[in-house]
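Residue-level listing of the chains:
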Amino acid sequence: MTEDAERWKEKYLKSIEQQEKLERRWDARLDLLRRGLVRSTLAAEGSDKVVDACMKEMREVIRSDNMDAGLAGLIPRLEKAVLDSEQRRETRMNQVSDALAALVGQLQGLPLPSDISRPLKKLAKKLDGGVAQSRDLPPLLGELSGLQGLALSALGKQADEARPGFLQRLFGSREDDPQGEPVPMPVAEAPQAVQASTEAPQRDDVDALQPLSASAAEAIGLPEPDLEVSGPALIETIETSAAQLPQDDAPDLGADVREPLAEAQPAPTLEETFGEDGPYALPYAVEPPYSQVAAHIEKTLIGLLDDLSLPERHKAQALEMRERVARGLNWYELIPVLDDLAVLMLAITDSGQHEFETYLQQLNERLEGFQSHLHEASAGHADNSFAARELDTQLREHVDGLQTSVQGAADVDSLKHILENRLEGLLVTMDEHKHERDRREQELAGRLQGLSERVANMEHEALGYREHLEEQRQKALLDPLTGLPNRAAWSERVEREMVEWQENGGHLAMAILDLDHFKRINDSYGHLAGDKVLKIVADQLRKRLQGRDFIARFGGEEFVLLLPQRSPAAAAQVAEVMRATVEACPFHFKGERVVITTSIGLAAFRSGERADQVLKRADAALYRAKEQGRNLVEQG
Ligand SMILES: Nc1nc2c(ncn2[C@@H]2O[C@H](COP(=O)(O)OP(=O)(O)OP(=O)(O)O)[C@@H](O)[C@H]2O)c(=O)[nH]1
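What counts as what
- Residues numbered from 1 in each chain as written.
- Predicted model: local features only at pLDDT ≥ 70, side-chain atom pairs only at ≥ 80, totals over all residues.
- Heavy atoms only, no water.
- Helix = DSSP H or I, 4+ residues; strand = E, 2+ residues; numbered from the N terminus.
- Buried < 20%, exposed > 50% of the residue type's maximum accessible area, 1.4 Å probe, protein only.
- Contact = heavy atoms within 4.5 Å.
- Areas by Shrake-Rupley, 256 points an atom, 1.4 Å probe, with all protein chains shown as cover.
- Near = heavy atom within 4 Å.
- Polar contact = N/O pair within 3.5 Å; in protein donor to acceptor, adjacent residues only side chain to side chain.
- Expected span 1.5 Å × (residues − 1).
- Pairing = 2+ DSSP bridges.
- Axes fitted to C-alpha atoms, helices over the stretch in contact; angles between N-to-C directions.
- Salt bridge = Lys/Arg side-chain N within 4 Å of Asp/Glu carboxyl O.
- Right-handed = clockwise from strand over helix to strand, strands pointing away.
- Patch = residues over 30% accessible without salt bridge, like charges linked within 9 Å, V, L, I, M, F, W, Y side chains within 5 Å.
- Core = buried A, V, L, I, M, F, W, Y, C linked by side-chain atoms within 4.5 Å.
- Phe/Tyr/Trp six-rings, centres within 6.5 Å; stacked < 30°, edge-to-face > 60°.
- Parallel < 35°, antiparallel > 145°, perpendicular 65-115°, else oblique.
- Left-handed = near helix turned anticlockwise from the far one by under 90°.
- Nonpolar A, V, L, I, M, F, W, Y, C, P; charged D, E, K, R; others polar.

**Considerations on the overall build of the protein chain**
Part 1 of the reasoning: Tallying secondary structure elements over the protein chain gives 20 helices and eight strands in all.
Part 2 of the reasoning: Across the 636 residues that make up the protein chain, the buried fraction comes to 36%.
Part 3 of the reasoning: Restricting the contact set of the protein chain to residue pairs at least 6 apart, pairs at least 24 apart contribute 69%.
Part 4 of the reasoning: Total accessible area on the protein chain is roughly 37400 Å²; 55% of this is exposed by carbon and sulfur atoms.

**Comments concerning the site of the ligand**
Part 1 of the reasoning: Around the ligand, a shell composed of 16 residues is seen, among which Phe 518, Asn 522, Asp 531, Arg 553 and Arg 630 lie nearest.
Part 2 of the reasoning: Taking His 517, its main chain carries an N or O atom lying 2.8 Å from an oxygen atom of the ligand.
Part 3 of the reasoning: Arg 630 places a polar side-chain atom, nitrogen or oxygen, 2.8 Å from an oxygen atom of the ligand.
Part 4 of the reasoning: Its free accessible area being 660 Å², the ligand has 66% of it covered by the protein chains.
Part 5 of the reasoning: For the shell around the ligand, the elements supplying multiple residues, two or more each, are strand 2 (508-515), helix 17 (518-525) and helix 18 (527-543).

**Quick notes on helix 15 (residues 412-476)**
In an α-helix there are 3.6 residues to a turn, and that puts residues three or four apart on one side.
Part 1 of the reasoning: Taking 1.5 Å as the rise per residue, helix 15 with 65 residues should run 96 Å; its terminal C-alpha atoms sit 93 Å apart, in good agreement.
Part 2 of the reasoning: Every buried residue of helix 15 is accounted for by Thr 429, His 433, Arg 440, Arg 447, Leu 451 and Met 458.
Part 3 of the reasoning: In this structure Asp 411 caps helix 15, since a side-chain oxygen of it lies 3.3 Å from the backbone nitrogen of Asp 413.

**Observations concerning the sheet that holds strand 2**
Part 1 of the reasoning: Within the open sheet, the five strands sit side by side as 3-4-2-7-8. Their pairing is mixed. Strands with a single pairing partner mark the edges of an open sheet, and in this sheet they are strand 3 (550-555) and strand 8 (633-635). Taken over all neighbouring pairs, the strand axes of this sheet differ in orientation by 20° on average, direction set aside.
Part 2 of the reasoning: Sheet topology places strand 2 next to strand 4 (residues 558-564); seven bridges connect them, and they run antiparallel. Note that in strand 4 the partner of Ala 509 across the bridge is Leu 563.
Part 3 of the reasoning: On the sheet, helix 19 (residues 568-584) packs against strand 2, strand 4, strand 7 (598-604) and strand 8 and is oriented at approximately 165° with respect to strand 7.

**Examining the pattern of salt bridges**
Part 1 of the reasoning: Taken as a whole and assessed by the stated rule, the structure comprises 31 salt bridges.
Part 2 of the reasoning: The salt bridge partner of Arg 447 is Glu 443, with a shortest N-O separation of 3.1 Å. Pair noted here: Arg 447 and Glu 443 are both in helix 15, with a separation of four residues, about one helical turn.
Part 3 of the reasoning: In this structure, Arg 610 engages Asp 612 in a salt bridge whose closest nitrogen and oxygen atoms are separated by 2.9 Å.
Part 4 of the reasoning: What emerges from the salt-bridge pattern is a single network uniting Glu 436, Arg 439, Arg 440, Glu 443 and Arg 447.

**Observations regarding unusual backbone geometry**
Part 1 of the reasoning: Positive phi outside glycine occurs at Arg 630, with the angle close to 70°.
Part 2 of the reasoning: The topology assignment puts Arg 630 in the loop between helix 20 (611-627) and strand 8.
Part 3 of the reasoning: Positive phi, close to 55°, is recorded for Asn 631, a residue that is not glycine.
Part 4 of the reasoning: Residue position: Asn 631 is located in the loop between helix 20 and strand 8.
Part 5 of the reasoning: We classify Asn 631 as buried; its relative accessible area is 8%.

**Some points on the pairing of strand 7**
Part 1 of the reasoning: Counted residue by residue, strand 7 has six buried out of seven residues, so it is predominantly covered.
Part 2 of the reasoning: One ladder, built from seven bridges, connects strand 2 with strand 7; its direction is antiparallel. Bridge pairing in strand 7 places Ala 511 opposite Leu 602.
Part 3 of the reasoning: Two elements, strand 7 and strand 8, share three bridges in a ladder whose sense is parallel. Paired with Ile 600 across the strands is Val 633, a residue of strand 8.
Part 4 of the reasoning: Note on the crossover from strand 7 through helix 20 to strand 8: the handedness is left-handed.

**Overview of a nonpolar patch on the surface**
Part 1 of the reasoning: Taken together, the side chains of Tyr 12, Leu 13 and Ile 16 make up a nonpolar region of the molecular surface, amounting to roughly 290 Å² of accessible area.
Part 2 of the reasoning: The exposure class assigned to Leu 13 is partly exposed, which follows from its relative accessible area of 47%.

**A look at the environment of Glu 627**
Part 1 of the reasoning: Counting through the fold element by element, Glu 627 comes out in helix 20.
Part 2 of the reasoning: Note: C-alpha distance between Glu 627 and Ser 599 (28 residues apart in sequence) is 9.9 Å.

**Side note on the nonpolar core**
Part 1 of the reasoning: Val 533, Phe 559 and Phe 587 are the most contacted members of the largest nonpolar core, which totals 34 residues.
Part 2 of the reasoning: Of all elements in the fold, only strand 2, helix 17, helix 18, strand 4, helix 19 and strand 7 reach the threshold of two or more residues within this core.
Part 3 of the reasoning: It is helix 18 that contributes the most residues to this core, seven residues altogether.
Part 4 of the reasoning: When neighbours within four sequence positions are excluded, Phe 587 is seen to be in contact with Tyr 280, Leu 282, Val 533, Ile 536, Val 537, Glu 592, Arg 593, Val 594 and Ile 596.
Part 5 of the reasoning: Counting residues in hydrophobic clusters, the runner-up holds 20 residues, among them Leu 477, Met 498, Ile 512 and Val 614.

**Brief notes about helix 18**
Part 1 of the reasoning: Along its 17 residues, helix 18 runs 24 Å from first to last C-alpha, staying within 8% of the 24 Å computed at 1.5 Å per residue.
Part 2 of the reasoning: The set of residues buried in helix 18 consists of Ala 529, Gly 530, Val 533, Leu 534, Ile 536, Val 537, Ala 538, Gln 540 and Leu 541.

**So, the packing of aromatic side chains**
Part 1 of the reasoning: Counted by the stated rule, this structure contains five aromatic pairs.
Part 2 of the reasoning: Between Trp 490 and Phe 554, the ring centres sit 6.3 Å apart and the planes meet at 80°, which makes this aromatic pair edge-to-face. Here the residue Trp 490 occupies a position in helix 16 (residues 487-504), and Phe 554 occupies one in strand 3, the gap between them amounting to 64 residues. Per residue, the accessibility class of Trp 490 equals that of Phe 554, and both read buried.
Part 3 of the reasoning: Between Tyr 525 and Phe 589, the ring centres sit 4.6 Å apart and the planes meet at 50°, which makes this aromatic pair tilted. Here Phe 589 lies in strand 5 (residues 588-589) and Tyr 525 lies in helix 17, a separation of 64 residues in the sequence.

**Description of the packing of helix 3 (residues 67-108) against helix 4 (residues 114-128)**
Part 1 of the reasoning: In contact at an axis separation of 10 Å, helix 3 and helix 4 are set at 155° when each is read in the N-to-C sense. The angle between helix 3 and helix 4 places the two elements in the roughly antiparallel class. The handedness of the crossing between helix 3 and helix 4 is left-handed. Only Leu 120, Lys 121, Leu 123, Ala 124 and Leu 127 of helix 4 make contact with helix 3, whose side of the interface consists of Ser 97, Leu 100, Ala 101, Val 104, Leu 107 and Gln 108.
Part 2 of the reasoning: By residue class, the composition of the contact of helix 3 with helix 4 is eight nonpolar, two polar and one charged.

So this is what it looks like as structure tokens:
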């Protein structure tokens with residue numbers, strides 16, 4: 001064997017040896033992987049039936065000789081099973097998270113001391129974002145169970161103090177509540193209520209915490225169920241008494257409010273008085289879980305997308321959104337869809353602006369056309385002047401010619417002939433000129449007619465746009481839920497009244513009204529009931545306005561009141577009427593009275609002050625009213 005062949009042989013043997021080593025390592029790894037897989041499949045067992053079946057099959061495939069083919073068939077099925085299982089797990093986690101949030105919500109509805117209600121609020125916030133992992137559940141459950149224990153023992157303590165009535169046990173009463181806070185819950189009919197109403201009650205007797213008999217309700221002037229929302233008798237009482245008082249005196253209207261209570265006689269129950277469907281009845285709707293409202297939301301969104309008249313460039317986006325909605329949404333998919341919808345709406349508003357800009361551009365082009373018509377008309381006028389000068393020259397030439405001819409005429413006959421010729425020429429020139437002038441006049445009249453039509457069209461369109469803009473502006477100034485003016489309208493009005501006040505002097509005051517414990521209304525009766533309360537309260541407050549008084553919804557459960565030309569005492573009187581009006585609204589739930597109250601912060605404008613500074617003082621006063629027990633008017 002040559003030296004070269006020897007070297008090749010050695011190289012070949014070495015590579016075989018290396019190949020065998022690699023194969024042994026590969027087998028060892030494969031064996032490890034097989035064992036690992038078998039153990040993993042065993043460990044994962046029990047999480048989901050379909051996944052379990054796939055895992056079992058996998059173990060068999062791994063142990064078989066035909067692993068490649070077996071795995072190729074199994075893996076896609078396993079992937080699908082794992083995905084499905086993951087989705088089911090997510091749904092379960094969502095359900096658990098919703099249930100936990102509901103539990104926390106129920107606890108939050110209880111009158112708990114702040115050292116329990118604050119951590120509860122924190123826990124509610126944590127649950128707001130949903131629970132992503134099951135490992136997060138034990139600490140959350142632990143936290144909830146601890147807080148629930150504390151809440152129960154706090155309530156137990158209240159029960160030990162032997163306070164009558166389930167609702168009183170649940171929500172506490174003013175004597176026990178250092179804040180003296182009224183709680184907007186149904187007030188049960190109880191015998192002592194009649195007594196309370198006949199024993200010249202103090203202000204607290206009107207409090208929601210105390211059982212309120214129908215007689216008391218009637219006595220404070222709650223309107224009949226089938227009457228229009230307006231005109232509870234209490235409010236009329238207040239108005240009468242307010243009218244009798246001198247404007248600059250701050251009256252104790254509370255006394256007027258309380259008076260009728262003392263004279264009240266036992267009367268039918270609230271349920272008898274209002275029935276279950278009166279204008280003040282809070283709907284019995286239990287807030288449904290998302291799955292129950294999803295179809296409605298989808299239908300509404302699709303309806304909205306179909307009704308939108310969209311500029312061409314936004315149509316594809318809306319169509320894509322529509323398809324997403326039509327495929328069905330879960331809770332978490334809804335939020336991005338709403339975000340996208342909001343972006344689309346903003347884009348449409350922008351295109352409204354764009355449309356208007358296009359209109360202005362068109363208007364500009366038309367005005368340019370108009371200008372060029374005017375140019376033509378003035379050129380026509382210039383032509384006319386030129387033609388008149390031309391005529392003048394021609395006439396002069398004719399007359400000169402006539403003179404020359406007359407001087408050169410030898411006899412009367414030739415003179416006559418010359419004269420006739422010259423006059424003929426003159427008449428022809430005059431005729432031609434007249435024709436030309438008529439033609440030009442006609443042309444000019446046509447142009448003027450066209451111009452005046454264009455102007456009329458433009459005026460008509462501009463008027464349409466102005467009306468459309470005004471309509472849009474008015475809509476943008478109204479709060480859609482209550483129909484009251486909104487924050488933007490408020491700013492406009494404040495601005496106007498301030499200028500008037502600065503120029504003419506007098507008085508100007510503003511007040512902030514914030515419904516008390518409104519969160520509890522939502523939590524206890526649902527958001528629909530909350531919305532109904534807001535609408536009715538807004539309606540009632542609006543009906544109390546007089547003269548230049550102005551009310552707006554500032555947002556949420558907050559209203560603002562502007563009182564021009566009212567002295568501080570008169571403004572306080574109006575605020576008190578508003579407070580009593582809200583308290584007197586005979587809301588009821590399943591036949592039981594629900595007392596809803598408002599706290600009010602009032603501030604009068606001082607010389608040199610800006611509106612935001614006055615609002616700040618009113619807000620600080622409102623804060624004090626809340627601190628001092630709510631259902632109060634405080635001055636800032
Ligand atoms: N139904 C309904 N609820 C609203 C609306 N706007 C705001 N809210 C709710 O109003 C509640 C206001 O609650 P908070 O600011 O905590 O105040 P509150 O419960 O009224 O308590 P106090 O102001 O301290 O007496 C929140 O639960 C909001 O979700 C609305 O348009 N409709």
